[in-house]
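# Examination of the molecular architecture
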Amino acid sequence: MQNKSSSLSKGTVLSKGERTHANLRRHAAAEFARLGFHNTKVSDIVKATGVSQPTFYCYFESKEMAYDDLMTEFRSRLEALTLTFLIEGEAHADQVFERVALSFRMLLDFLAEDPDLTQIGFFQPPGCTATKAGLASWITQNIAKEQKNGLYRQDISATQVGQCFVGMLDQMARIPGDAQKREELSLGCARLLCEDIRQGCVKR
């Protein structure tokens, strides 16, 4: 994931203040990821950034505000991405499988973009709890709408599907690998959700 400064279009000239703000955010994310939220001090962040503590307080009232700033953007981008996964209208089974696999792949790619932000926003407390709850809720919203459109079975609650999706994503995102590995993991997850793991089992 990119921070606010790096998400600007190439060629954008940042002011000195904007560069300082971006550097503080980047180093704050790195320190939170390295030390954990509770163990990170403002002095750790300013030392890593190479600025003074008064400079830090020009941009953030506290380390909590710096952390919340990072979490707000991380979750906002994650929500916006997740809501694009909604399949509207009818779709063939193969198309549904491809969209589910693509959803996993895009989320894994998102989480791989910035390891520090992913560490504090998705894996590390206290931020991970709210992030995963939010992601499960956004996926549940999609699934509920898709169930109404007849794309998915309705004897399993949308909430349960959303929670399973997040649980699978949580484990897959911990597996190191390149883009090809993330593609393989995404296809495997899609097969589990769309086709299940049975082979030759007798239905009861």
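Residues numbered from 1 in each chain as written. Predicted model: local features only at pLDDT ≥ 70, side-chain atom pairs only at ≥ 80, totals over all residues. Heavy atoms only, no water.

### So, the packing of aromatic side chains
Here is the rule: Stacked, tilted and edge-to-face pairs are distinguished by plane angle, under 30 degrees for stacked and over 60 for edge-to-face with tilted covering the rest, among Phe, Tyr and Trp rings (Trp via its six-membered ring) whose centres lie within 6.5 Å. A helix here means a DSSP run of H or I that spans at least four residues, while a strand means a run of E at least two residues long, and both kinds are numbered starting from the N terminus. Using a 1.4 Å probe on the protein chains alone, a residue whose accessible area is under 20% of its type maximum counts as buried, one over 50% counts as exposed, and one in between counts as partly exposed. Any Lys NZ or Arg CZ that is within 6 Å of a ring centre and within 35 degrees of that ring's normal is treated as a charge sitting over the ring.
If you walk through the whole model with that rule in mind, you get eight aromatic pairs. Considering the side-chain rings of Phe 37 and Tyr 67, the 4.6 Å spacing of their centres and the 50 degrees angle between planes classify their relative orientation as tilted. Of this pair, Phe 37 sits in the loop between α1 (16–35) and α2 (42–49) while Tyr 67 sits in helix α4 (residues 63–83); the two residues are 30 residues apart in sequence, bridging distant segments of the chain. Neither residue differs from the other here; Phe 37 and Tyr 67 are each classed as buried. Ring geometry for Phe 56 against Tyr 57: centres 5.3 Å apart, planes inclined by 90 degrees, an arrangement best described as edge-to-face. Judged by its relative accessible area of 0%, Phe 56 is buried. By the ring-pair criterion, three or more aromatic residues cluster together here, those being Phe 32, Phe 37 and Tyr 67. Here the guanidinium or amino end of Lys 63 rests over the ring plane of Phe 37, the centre of that ring lying 4.6 Å away. Over the ring of Phe 122 we find Lys 132; its NZ or CZ atom is 5.2 Å from the centre of that ring.

### Some points on helix α6 (residues 115–123)
The condition is simple: In this analysis, two residues are considered to be in contact whenever any of their non-hydrogen atoms come within 4.5 Å of each other. For the purposes of these results, a polar contact is taken to be a pair of N or O atoms within 3.5 Å, where, inside protein, one atom must be able to donate a hydrogen and its partner to accept one; residues adjacent in sequence count only when each atom of the pair is a side-chain atom.
Along α6, the residues that are buried comprise Leu 117, Thr 118, Ile 120, Gly 121, Phe 122 and Phe 123. Lining the buried residues of α6 we find α1, α4, α5 (93–113), α7 (127–148) and α8 (158–172). Sitting at the amino-terminal end of α6 is Asp 114, which places a side-chain oxygen 3.1 Å from the backbone nitrogen of Asp 116.

### Comments concerning the UniProt feature "DNA-binding region" (unreviewed entry) in the protein
Where we set the bar: UniProt positions are given in the numbering used here, feature names are shortened, and annotations may be inferred rather than shown by experiment.
UniProt records the feature "DNA-binding region" (unreviewed entry) at residues 41–60, using the numbering of this structure. A helix fraction of 75% and a strand fraction of 0% characterise residues 41–60, whose end C-alpha atoms lie 13 Å from each other.

### What about the UniProt feature "domain: HTH tetR-type" (unreviewed entry) in the protein?
Cross-referencing UniProt, the feature "domain: HTH tetR-type" (unreviewed entry) maps to residues 18–78 in the present numbering. Taken as a whole, residues 18–78 contains 80% helix and 0% strand, while its terminal C-alpha atoms sit 24 Å from one another.

### A closer look at the state of the cysteines
To keep things clear, this is the line we draw: By definition, disulfides here are pairs of cysteine sulfur atoms that lie within 2.5 Å.
Inspection of every chain in the model, using the stated rule, returns zero disulfides. Of all cysteine sulfurs in the structure, the one in Cys 189 sits closest to Cys 194, which takes part in no disulfide; the separation is 11 Å. Among the residues examined, Cys 194 registers a relative accessible area of 33% and is labelled partly exposed.

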